[in-house]
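Fold and contact review
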Amino acid sequence: MTEKIAKTAVSAATYWIDKPYDYLIPAEMRDDVCVGMRVFVPFGKGNRRSEGIVLAVSEASEYGKLKSIISLPDRGPVLSEEQVRLALFMRERFFCTVYEAVKAMLPAGLWFNDEGNRRVKDKTVEMARLAVTTEDAVDLSEKKRRRSPQQSGILDLLCSFETLPSSELLRFAGAKRPSLLALKKAEIVELYRREVYRRPEVFAGETEPLPILNEAQQKAFEGISALAESGKGAAALLQGVTGSGKTSVYIHLIRRQLELAHSAILLVPEIALTPQMIKTFSSYFGNDIAVLHSSLSTGERYDEWKRIKAGKAHVIIGTRSAIFAPAENLGLIIIDEEQEETYRSENNPRYDAKEIAKFRCAKANCLLLLGSATPEVVSRYKAENGVYGFFRLDSRYNAMALPEVTVVDMKRELRHGNTGNISTFLRDEIAKNIENSEQTILFINRRGTNKLVSCPCCGFIYKCPRCSVSLTYHGSNNRLMCHYCGYSRRTDYACPDCGGELTFSGAGTQAVVDELKGLFPDTEILRMDTDSVAPTGSHEQLFSRFREEKIPIMVGTQMVTKGLNFENVTLVGVVLADQSLYAGDYRAGERTFSLLTQVIGRSGRGSKMGRAVIQTFTPENETIVNSARQDYEAFYASEIELRRLQNAPPFMQLYSVTATGENEDTVVRTAKYIRSFFDTMLKGRNDCMILGPAPLNVVKVNNRYRYRVSISCKNEKEMRALISRIVMECSTDKRFKGVCIYADANMLE
């Protein structure tokens, strides 16, 4: 009999030895092993048992003596052939191992613990059904009615419902378990176990008719549908001002794909948006929806994955990782608020969900739709140049005007003696809203009470002992905390160095709430940040309170800037617009413009006119001015020219190779070696620019120093091969022991 070989990606293989390993398929497994199946294999000199994923099955190997597969943990493949190709693409594009890519695709409940048991078991319930005909059951029920009324009641229910969970059967029949077991022993009733899904959301109402589209929406829908039904892989950008009704267009597009027997994936940038999206889309698509995001329990996430894989859900809604949903016959992927950085992973594998979506759409010959009021500069550039289809919604769905925006110069407030976080103008506007029973949202992109606690006498500053950042003061528990590593300590009553009085500066959400309570003592205020969400365990609980109880003021971080729709919100205030403007990377202006435009768009979404107030120390800044005007076109025209001068995306790709380690000297030496490598390999190439080595904005995090070398160049396979080569070389060179090397495309910071 011809031998069969499984070319396998092994989980124990590090990046520098990651390749397909050949394993002999034992005779008893030949009919079972296929592409996408997990296997247990011996690996390394000690033949340590390791998980693997089969990439291909062949009848020949270039190697002589082969090790054999030990066992099969699953009954069938966990990945399709398309997903296996995606894992190989991720290895080449995002500088990770194949198995790291596989682990990103699969739910945590599918993996095994140290004892070799699956982390989550399938949930089953005991079911009861008749083992005799209905006619015989009716006769038996009558005979038992006087002597065994509980058994009679059980039989009556089963005659009506055929099969029921045994717990419900006993409850509705008013019977005890011995009665059910007696019927089973008599072979009148059969007990068996049926798998059930742990569902985060179950829709129980009636589905609604689709929302009516206005003329602009209908035009966009028809154009996008034509692209989606072209039978070719394509991408399109839907640019619509805040409140223009992009979601209604999404709903019609998804319905069209379902009519064509296709599946659709909708990505949202924040978990906070997911409950609202689920509620909206469930009202149109019922339980044909599956939800995937990190706030689900391990069991819920695993069961949602199984529902999708089994074809029991065709509309998948979730955050970044939902892009890996095993949807069959994919027809459409929508990425809402596509400019958000949350679509890029900060952990290995450092993938970009948009790149994954492009790959899947190209392979499935379907459409990727990017939606935003403030598209990423790269996306808009591609749309303008015909790489993407381009569709626009230039007015709000309800024909209401965009909010009237006022820019307040905080330097002038200081000169007039106002040292607080709320300007006189914003305070008066909030007072008007309270008087009119209208709601206000205030945005400040920093949680905690104060960013900096210091001593003006000796200059002492509280700093994190593990990171190169100052500690943030949290007044609610009187603790100083590091938002990078989690270190915390109690606050001293006086300076620990000289005994002087401490000063607190740099406001966060808690400080703004405290100041508002002083200004409006009888007004309820809701705070929305990770500190306030953690006790409730749900963003939706806080948002529901704000909506239903008409709480006058909500203060929040980025959670309140995107995708939320509160009809009674007529005022939005940005407490400090400068915070993200001078972050030190090429996307700072884009990020600030997007944040400000999005949060302004939360105002006036109902029948009442909206207003917005932007507080800033640099009112003349071009990004602030364009944000106040909500003028994306002016911002884009300025930003694209700046990108051209910087050799930044979309004109060039920015790659980075980062070295991290506990010894700063070794990390710097490694980074210098990386720089010299690229100097040598790219010598004479005028289309490449090498920057660094340079420390990251926060050079030390959790006792590890971080330095980076950046390369501005074209997106070429040759360049990715060079980057992969240097990562492998530095990871195996003993001179750089203790240093971790990783590569990234279009850096996150």
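In what follows, the accompanying structure is described. Since we're looking at a predicted model, the values are computed, not measured.

1. Side note on the pattern of salt bridges
Tallied over the entire structure, the rule returns 45 salt bridges. Its salt-bridge partner being aspartate 156, residue arginine 145 comes within 3.1 Å of it at the nearest N-O pair. A residue pair is termed long-range when its members are at least 10 positions apart, and arginine 145 in the loop between helix H3 (134-144) and helix H4 (149-161) and aspartate 156 in helix H4 qualify at 11 residues. For glutamate 633, the salt bridge identified is with arginine 380, shortest N-O distance 2.7 Å. One end of the pair, glutamate 633, is in helix H20 (residues 632-646); the other, arginine 380, is in helix H12 (residues 377-384), with 253 residues separating them in the sequence. Because the salt bridges share partners, they merge into one network encompassing Asp122, Glu195, Arg198, Asp303 and Lys306.

2. Some points on the packing of helix H7 (residues 215-228) against helix H8 (residues 246-259)
Helix-helix packing is characterised by the crossing angle of the two axes and by the distance between the axes. In contact at an axis separation of 10 Å, H7 and H8 are set at 35° when each is read in the N-to-C sense. As H7 runs across H8, the sense of the crossing is right-handed. Where H7 abuts H8, its residues Gln217, Phe221, Ile224, Ser225 and Ala228 lie against Ser248, Val249, His252, Leu253, Arg256 and Gln257. Along the lines of polarity and charge, the residues of the contact of H7 with H8 split into five nonpolar, five polar and one charged.

3. Side note on the sheet that holds strand E22 (residues 525-528)
If you trace the six strands from one edge of the open sheet to the other, you get E15-E25-E24-E16-E23-E22, paired in parallel fashion. Here the strands that pair on one side only, and so sit at the sheet edges, are strand E15 (404-409) and E22. When the angles between neighbouring strand axes are averaged without regard to direction, this sheet yields 15°. Pairing geometry for strand E24 (residues 569-574) and strand E25 (residues 611-616), over four bridges, is parallel. Its bridge partner being in E25, glycine 573 is matched across the sheet by valine 613. Against the sheet, helix H17 (residues 539-548) touches strand E16 (439-443), E22, strand E23 (553-556) and E24, its axis set at about 155° to E22.

4. Topic: H12
Buried within H12 we find Val377, Val378, Ser379, Arg380 and Ala383. Contact partners of the buried residues in H12: strand E8 (234-240), helix H11 (353-364), strand E13 (367-372), strand E14 (389-393), helix H18 (588-600) and H20. Backbone geometry just downstream of H12 places glycine 386 in the positive-phi region, at approximately 80°.

5. As for the side chain of lysine 354
Secondary-structure assignment places lysine 354 in helix H11. If sequence neighbours within four positions are ignored, lysine 354 has contacts with Ile335, Glu338, Leu368, Leu370, Glu376 and Ser379.

6. So, the packing of aromatic side chains
Counted by the stated rule, this structure contains 18 aromatic pairs. Here tyrosine 21 and phenylalanine 43 contribute two aromatic rings whose centre-to-centre distance is 5.2 Å and whose plane-to-plane angle is 90°, an arrangement assigned as edge-to-face. Taken as a pair, tyrosine 21 in strand E2 (residues 21-24) and phenylalanine 43 in strand E3 (residues 38-43) lie far apart in primary sequence, 22 residues in all. By the burial criterion, tyrosine 21 is buried, and phenylalanine 43 matches it. A centroid spacing of 6.2 Å and a plane angle of 90° characterise the contact between phenylalanine 89 and phenylalanine 94, whose relative ring orientation is edge-to-face. Members of the aromatic cluster, joined through ring pairs, are Phe593, Tyr632, Phe635 and Tyr636. Between lysine 103 and the ring centre of tryptophan 111, over which it is positioned, the NZ or CZ distance is 4.7 Å. When the ring centre of tyrosine 636 is taken as reference, the NZ or CZ atom of arginine 380 above it lies at 5.0 Å.

7. Topic: the sheet that holds strand E5 (residues 124-130)
Taken in spatial order, the three strands make up an open sheet running E6-E5-E7, and their pairing is antiparallel. Only two strands of the sheet have a single partner each, and these edge strands are strand E6 (163-165) and strand E7 (189-195). In this sheet, neighbouring strand axes are inclined to one another by 30° on average, regardless of whether the strands run parallel or antiparallel. Inspection of the sheet shows E5 paired to E7 by seven bridges, in the antiparallel sense. In the strand pairing of E7, glutamate 126 is matched with arginine 193.

8. What to know about the side chain of threonine 374
Relative to the helices and strands, threonine 374 resides in the loop between E13 and H12. Assessed through its relative accessible area of 3%, threonine 374 is described here as buried. Look past the residues within four positions of threonine 374 in its chain and what remains in contact with it is Gln339, Phe593, Ser594, Thr597, Gln598 and Tyr632.

9. Re unusual backbone geometry
Look at the link from asparagine 348 to proline 349: it is a cis peptide, with omega at 0°. A cis amide bond links proline 649 to the next residue, proline 650, at an omega of 15°. Tracing the backbone through its elements, the reader meets proline 650 in the loop between H20 and strand E26 (653-661). Not every positive phi belongs to a glycine, and asparagine 47 is a case in point at roughly 55°. Counting through the fold element by element, asparagine 47 comes out in the loop between E3 and strand E4 (48-58). In this model, phenylalanine 95 sits at a positive phi of 55°, which is unusual for a non-glycine residue. With respect to the secondary-structure elements, phenylalanine 95 resides in the loop between helix H1 (81-94) and helix H2 (98-105). For phenylalanine 95, a relative accessible area of 8% puts it in the buried group.

Rules behind the numbers
Residues numbered from 1 in each chain as written. Predicted model: local features only at pLDDT ≥ 70, side-chain atom pairs only at ≥ 80, totals over all residues. Heavy atoms only, no water. Salt bridge = Lys/Arg side-chain N within 4 Å of Asp/Glu carboxyl O. Helix = DSSP H or I, 4+ residues; strand = E, 2+ residues; numbered from the N terminus. Axes fitted to C-alpha atoms, helices over the stretch in contact; angles between N-to-C directions. Left-handed = near helix turned anticlockwise from the far one by under 90°. Contact = heavy atoms within 4.5 Å. Nonpolar A, V, L, I, M, F, W, Y, C, P; charged D, E, K, R; others polar. Pairing = 2+ DSSP bridges. Buried < 20%, exposed > 50% of the residue type's maximum accessible area, 1.4 Å probe, protein only. Phe/Tyr/Trp six-rings, centres within 6.5 Å; stacked < 30°, edge-to-face > 60°. Lys NZ or Arg CZ within 6 Å of the ring centre and 35° of its normal.

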